[in-house]
Each structure stands twice: as structure tokens, then as C-alpha cells.
Amino acid sequence: MYKSYFGLRLSPFGPSPDPRFLYMMPQVREALACLQYGIATRKGFVVMTGEVGTGKTTVLKAVLSTFAKDRVSSAFVFNPRLEVLDFLEFVLTDFGIPPKTRTKSGMLIQLNRWLIERFSERGLCVIAVDEAQNLSWELLEEIRLLTNLESSSEKLLQIVLCGQPELAEKLHHPSVRQLRQRISVWCRTQALTWDQTQAYILERLRIAGSTEPVFSHEAIQLVHRYSNGIPRLINLICEHAMISAYVEQIKPIPARIVESVSLELDLDHQTLLDSPGTLTGLPVHPMPSAIPSAFNPGADPTGSLKDIEL
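Everything numeric here is computed off the predicted structure, so don't read it as measured data. (Residues numbered from 1 in each chain as written. Predicted model: local features only at pLDDT ≥ 70, side-chain atom pairs only at ≥ 80, totals over all residues. Heavy atoms only, no water.)

Here we look at the overall build of the protein
Secondary structure assignment for the protein yields 13 helices and five strands. Looking at the protein as a whole, 48% of its 310 residues qualify as buried. Of the roughly 15,000 Å² that the protein leaves accessible, carbon and sulfur atoms contribute 52%. (Helix = DSSP H or I, 4+ residues; strand = E, 2+ residues; numbered from the N terminus. Buried < 20%, exposed > 50% of the residue type's maximum accessible area, 1.4 Å probe, protein only. Areas by Shrake-Rupley, 256 points an atom, 1.4 Å probe, with all protein chains shown as cover.)

Structural data, given as C-alpha cells:
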């Protein structure tokens, strides 16, 4: 609706995790490198945690896309609230293996044979579980047992558990200490700083085709304050602000529009109320003269990570 008004080819702040818009801040590079390393070196268990909306799913999908399609087979479990049989059936189907039976032993035998075939072809097999903090204790134990599928020297199956901080708490429970001892790599995502928020917004706009300022400097400051640097909230505020600016036919987007949509979205604005004026007390930072060179139009979203020998 507003794309042509702002001269954009794509919607820069869509709600779906899109690796094309992945902003390569240091902690994201570290998370990507850890995940890539854990999968490529057959470490078995890898865990990634982070607060709601900090880009875990985007990072997870991005790292899976860095491997050649004929090298990695993946099953992406986006809803872990499953019974054990449902989980195994889902995993087999997502791997492209039609289940021949719906018994636990039958599906495990079928999975093991397929993993051995893929291993003989030097293939990597990954089960990625999103929202893993919602796994039942029973299913968590079954997933641990899946790592017993191994050759004489290496794991046949790599498992990535991705979830909110509650996942880390769950994995420190005494009842899952055997699983915790098998986790080789831990990584986490974080909220953005002010500078990162500014670069994040500008980079997404650039990827979407922007050639002129869309947000005023003060507007970006307010986006950071209302979102607390959470990427999902940044996207939400920016999307609504662009719609409102389009309706009013005004650009670049002023701070008052960001403030208005943030209040409508019922976001926490106590930090603003603590100051005597809307913008009083906000930090003043110069706008960058250009996007950092690392964010060039043709850059691969994983940057130098592809140089890792996989």
C-alpha cells in the first residue's frame, strides 16, 4: 500500500522471519558462526536462546540456508507441542520420508536407516526445533535419545533447540542433566543498542529499495526508545508508522507519528513520561552519512561465514 509512495520494491518491516533482511550485528555473526560450526562438525546438540522478538527464527533459517541444499537435509519443527509419535511422524515427513508405519519402533528404524544412507553420502541431517521452551519433558527426553543414532565416530543427527530464556532454565533442571551434558554449543540473541537500531532500520530500508530518507532522526530515536531494541517491535512500530505517514501523505516520517502509533500499540512509554518533554532527555546522535560498507547491495546475508569449510 505504501511501497510506491516511499519508492520501495519490498515491504521492509514484514512480520515473517526473512533471511534477506538479516542485519549482521556482532552478536548475530557470533550466533550464526556457532550454529554453523555445531552443525558442520556434527556436534549433536546445539542450543540458541534469546528474548521474544530478538530474531532467533530468522537466524536459524539463515544458517540453514548457508549450506548447499544437497549437503544438508533439515526438518524444521515450528510447533513443539506434539506427542512423541506425532513428532516422529512430522520429522520423517519433513525429511521427505513417507512413514511406513506409525509405531515408535517402526519410525525410529526407518529414520536410522535413512540417516545411515545420508551419512554414507556425507550428508548432514538437522532437526531444528523452534519455540523449544514448550517441549514436554517426555518429548525432550525422546529428542535426547535421538542423538544415540550415531556411527562409530560421529553423530548421524544434529539437533538445534531454539527458544526463549525459559529454555535455558528448563535445560538446567536436574531431570535433563544427561541432555545438558551433551550440548556442545550454546549461543544467544540480544536486543539492539541505539546505534544498531539505527543501522538496522536503514539497512532494511536499503534492501527494500529506499533511495531517500524515510524516517527522521528523531523518529528513529523514538522507535528505539519504544521498542527497547527488540527487532520484532522495531518492525511493528516502523510498519505502522509508514502506513500512518502514507495516509497523511508526509515524509520523512516525523517523531509525532512514531509516538502516536507506539501509544496505539500500547507499548511501554514510561521512559518518555519520565522526561518533561516528548524528546527531552533523548540522546543526540549524528546520523551516519552512509550505510557501513559491510551492508553492500550484493552482500551475502551471512557474510564471511560462508568461508568456513563445510
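Structural notes on the nonpolar core
In this structure, Phe-6, Ile-201, Phe-215, Met-242, Ile-253 and Val-258 are the most contacted members of the largest nonpolar core, which totals 60 residues. Grouped together as the second largest cluster of nonpolar side chains are 34 residues, Val-84, Leu-135, Leu-171 and Val-176 included. (Core = buried A, V, L, I, M, F, W, Y, C linked by side-chain atoms within 4.5 Å.)

Looking at the side chain of Ser-216
Within the secondary structure, Ser-216 is located in the loop between helix H9 (194–207) and helix H10 (217–227). When residues no more than four places from it in sequence are discounted, the contact partners of Ser-216 are Pro-252, Ile-253, Pro-254 and Ala-255. (Contact = heavy atoms within 4.5 Å.)

Considering the state of the cysteines
In the structure shown here, the tally under the stated rule is zero disulfides. Here Cys-187 is not disulfide-linked; the sulfur of Cys-34 is the nearest cysteine sulfur, at 5.2 Å. (Disulfide = S-S within 2.5 Å.)

Quick word on the environment of Phe-119
For Phe-119, the position within the fold is in helix H5 (residues 104–120). Once the C-alpha coordinates of Phe-119 and Leu-157 are considered, the two residues, 38 residues apart in sequence, prove to be 9.3 Å apart. Not counting residues within four places of it along the chain, the set of residues in contact with Phe-119 comprises Arg-42, Ser-151, Glu-154 and Leu-156.

As for helix H4 (residues 84–94)
Note that an α-helix has 3.6 residues per turn; residues three or four places apart therefore point the same way. For H4, the set of buried residues is Val-84, Phe-87, Leu-88, Val-91 and Leu-92. For H4, the arc enclosing every buried residue in end-on projection is 130°, short of the 170-degree limit, so these residues lie on one face. Note on H4: the residue one or two positions beyond its end, Gly-96, has a positive phi of about 85°. (Arc of directions from axis to C-beta.)

Focus on the sheet that holds strand S4 (residues 158–163)
Spatially, the five strands line up as an open sheet ordered S2-S3-S4-S1-S5, and their pairing is parallel. The sheet terminates laterally at strand S2 (72–77) and strand S5 (183–189), the two strands that pair on one side only. Between one strand axis and the next, the sheet turns through 15° on average, direction left out of account. Contacting strand S1 (45–50), strand S3 (124–129), S4 and S5, helix H2 (residues 26–40) runs over the sheet at an angle of about 160° to S5. Those strands touched by H5 are S2 and S3, and its axis lies near 130° from that of S3. (Pairing = 2+ DSSP bridges. Axes fitted to C-alpha atoms, helices over the stretch in contact; angles between N-to-C directions.)

Here's the deal with unusual backbone geometry
In this structure, Pro-252 follows Lys-251 across a cis peptide bond, with omega equal to -5°. Considering the arrangement of structural elements, one finds Pro-252 in the loop between helix H11 (231–248) and helix H12 (255–264). Its identity as a non-glycine residue notwithstanding, Arg-122 has a phi of 65°, on the positive side. The residue Arg-122 is located in the loop between H5 and S3 in this model. Overall, Arg-122 belongs to the exposed group, its relative accessible area being 64%. Of note, Asp-266 is a non-glycine position whose phi angle comes to about 60°, a positive value. You can see Asp-266 is positioned in the loop between H12 and helix H13 (270–273).

Section: the environment of Pro-213
Positionally, Pro-213 belongs in the loop between H9 and H10. For Pro-213, a relative accessible area of 60% gives the class exposed. Counting along the chain gives 40 residues from Pro-213 to Ile-253, while the straight-line C-alpha distance between them is 8.7 Å.

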